[in-house]
Structures are given as structure tokens and as C-alpha cells.
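What follows is the residue order along each chain.
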Amino acid sequence: MPQPENTPAEPRFSAESPHHSDLTLRVNGTLYDVPALDHRTALIDLLREHFGLTGTKKGCDHGQCGACTVLVGGRRVNSCLVLAVTCQDAEVTTVEGLADGERLHPLQEAFLAHDAYQCGYCTPGQLCSALGLLAEAEAGHPSLVTPPGRPPGPVPLDDAEIRERLSGNLCRCGAYPHLVRAVAEVAR
């Protein structure tokens with residue numbers, strides 16, 4: 001049956017659709033309830049398009065550049081590869097959640113002090129990745145360059161460790177030495 005003019009068409013999927021779910025998650029300390037979210041929605045699109053948190057950047061959309069890195073449950077993820085529905089009840093931290101009001105996070109201060117932001121496009125992902133790598137090293141998670149047989153406990157973050165742990169984040173400006181210095185300063 002044709003729709004009368006000026007009458008909106010029924011949505012293709014309804015809330016009862018098997019392709020939609022209600023989602024609850026906490027982003028930067030704020031609880032969000034998302035009704036009938038399409039299962040195909042990537043976390044980056046939920047953050048940017050639904051919540052207006054545009055600090056997380058869309059780079060390659062294939063998980064190769066790291067511009068979209070956020071923390072989910074304290075762990076680094078490429079938000080372009082994560083379906084938002086898999087984040088039910090999760091705590092998500094984006095670059096907008098790093099500062100404490102007007103007070104910058106120590107990583108943000110170090111990035112500024114060491115000119116580690118250059119054009120700034122990759123900076124949100126670099127900051128979230130750096131925060132994640134600090135937590136991983138503190139928890140004793142080894143990287144590819146961590147010596148085998150190392151005693152349990154926090155992994156010391158020398159330049160090689162920092163470079164390896166940031167290797168999933170590309171910087172088109174080539175600010176890598178600045179990034180390493182900034183992260184090293186905070187790691188101390």
C-alpha cells in the first residue's frame with residue numbers, strides 16, 4: 001500500500017527486530033542507554049554520530065592506523081573494528097574523558113611539552129594508546145621486545161618498549177621521537 005504524501009515511512013527495522021538491541025554503556029563516566037541500536041554499528045560511529053564525541057578520529061576504517069583507538073574496560077581497541085553491541089555494560093574512555101575538567105591529563109601535558117601532536121589528527125588515538133600501554137606495562141604484560149624470562153611485575157618502559165607498544169598507531173607527520181619522549185616522561 002503506498003504511503004500518503006508527507007507521512008514518514010515505517011522504519012525498516014523495529015525495536016523488536018533481531019538486528020537491533022538496546023545497549024547500555026558508560027562513556028567517559030556518563031551512562032548512555034541506546035534503544036534499538038543496529039547491530040552493524042561500529043563503536044566509532046556510535047561515539048561520533050550518536051553521542052557527538054568527535055575526538056576519536058576515523059582514519060583508515062580497517063584497524064590499521066590506530067586513529068580510532070579508545071579504551072574499553074581499560075584496554076586499547078580500534079573502535080572502527082568493534083561492534084558497539086559488544087560493549088554492553090562496558091566502560092569506554094575516549095580522548096574527551098582524559099582531562100579532569102580544565103586540568104589536562106599528564107599525557108596531554110607531556111604531548112604538548114614535547115610537540116608530540118603535530119597536525120593533531122592521530123593525537124586522540126595516540127593518547128588513548130599511550131594510556132593503555134602504561135597500564136599494560138604496569139600490569140606486567142610483555143611486548144615483542146620484552147626480554148624472555150623477565151621476572152614477573154611491571155615492565156620497565158624504555159624507548160624500545162614504548163616504540164613497540166605504540167607501533168599500532170600511525171603518525172603521518174612523523175612525530176614518533178616526540179611521542180616516545182612524551183610517554184617516557186609520564187612513565188617515569
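Being a predicted model, the structure only gives us computed values, none of them experimental.

### Considering the pattern of salt bridges
Phase 1: Evaluation of the coordinates by the stated rule reveals six salt bridges.
Phase 2: Between Glu 136 and Arg 76 there is a salt bridge, with its nearest N and O atoms 2.7 Å apart. You can see Glu 136 sitting in helix α3 (residues 123-138) and its partner Arg 76 sitting in strand β4 (residues 75-78), a full 60 residues away along the chain.
Phase 3: With relative accessibility at 17%, the residue Glu 136 sits in the buried group.
Phase 4: Ionic pairing is found between Arg 165 and Glu 161, a salt bridge with its closest N-O pair at 2.8 Å. Of this pair, Arg 165 and Glu 161 both sit in helix α4 (residues 159-165), separated by four residues, roughly a single helical turn. The pair Arg 165 / Glu 161 is uniform in exposure class, with both members buried.

### So, the environment of Pro 151
Phase 1: Topologically, Pro 151 is positioned in the loop between α3 and α4.
Phase 2: A relative accessible area of 54% means that Pro 151 is categorised as exposed.
Phase 3: Along the chain, Pro 151 and Gly 140 lie 11 residues apart, while their C-alpha atoms are 9.2 Å from each other.

### A word on the environment of Leu 166
Phase 1: Within the secondary structure, Leu 166 is located in the loop between α4 and α5 (176-187).
Phase 2: Exposure remark for Leu 166: the relative accessible area of 8% places this residue in the buried category.
Phase 3: Taking the C-alpha atoms as reference points, Leu 166 and Leu 127, 39 residues apart in sequence, are found 9.9 Å from one another.
Phase 4: Dropping the residues within four chain positions of it, Leu 166 is found in contact with Gln 126, Ser 129, Ala 130, Leu 133, Leu 179 and Val 183.

### A word on the packing of aromatic side chains
Phase 1: Tallied over the full model, the rule gives one aromatic pair.
Phase 2: Their ring planes at 20° and their centres at 3.9 Å tell us that Tyr 32 and Phe 51 sit as a pair that is stacked. Placement of the pair is Tyr 32 in strand β2 (residues 30-38) and Phe 51 in the loop between α1 (43-50) and β3 (69-72), with a sequence separation of 19 residues.

### Remarks on the side chain of Thr 93
Phase 1: By secondary structure assignment, the location of Thr 93 is in strand β5 (residues 91-93).
Phase 2: Exposure remark for Thr 93: the relative accessible area of 18% places this residue in the buried category.

### Focus on unusual backbone geometry
Phase 1: The backbone phi angle of Asn 28 is positive, close to 50°, even though this residue is not glycine.
Phase 2: Considering the arrangement of structural elements, one finds Asn 28 in the loop between β1 (20-27) and β2.
Phase 3: You can call Asn 28 partly exposed: its relative accessible area is 25%.

### Digging into the nonpolar core
Phase 1: Residues Leu 107, Phe 111, Ile 162 and Val 183 are the most contacted members of the largest nonpolar core, which totals 23 residues.
Phase 2: Of all the secondary structure elements, the ones that give two or more residues to this core are α2 (106-113), α3 and α5.
Phase 3: Those residues in contact with Ile 162 that lie beyond four places of it in its chain are Leu 157, Val 180, Val 183 and Ala 184.
Phase 4: By size, the runner-up hydrophobic cluster in this structure holds 18 residues, among which are Val 27, Val 77, Ala 84 and Ala 90.

Calculation notes
Residues numbered from 1 in each chain as written. Predicted model: local features only at pLDDT ≥ 70, side-chain atom pairs only at ≥ 80, totals over all residues. Heavy atoms only, no water. Salt bridge = Lys/Arg side-chain N within 4 Å of Asp/Glu carboxyl O. Helix = DSSP H or I, 4+ residues; strand = E, 2+ residues; numbered from the N terminus. Buried < 20%, exposed > 50% of the residue type's maximum accessible area, 1.4 Å probe, protein only. Contact = heavy atoms within 4.5 Å. Phe/Tyr/Trp six-rings, centres within 6.5 Å; stacked < 30°, edge-to-face > 60°. Core = buried A, V, L, I, M, F, W, Y, C linked by side-chain atoms within 4.5 Å.

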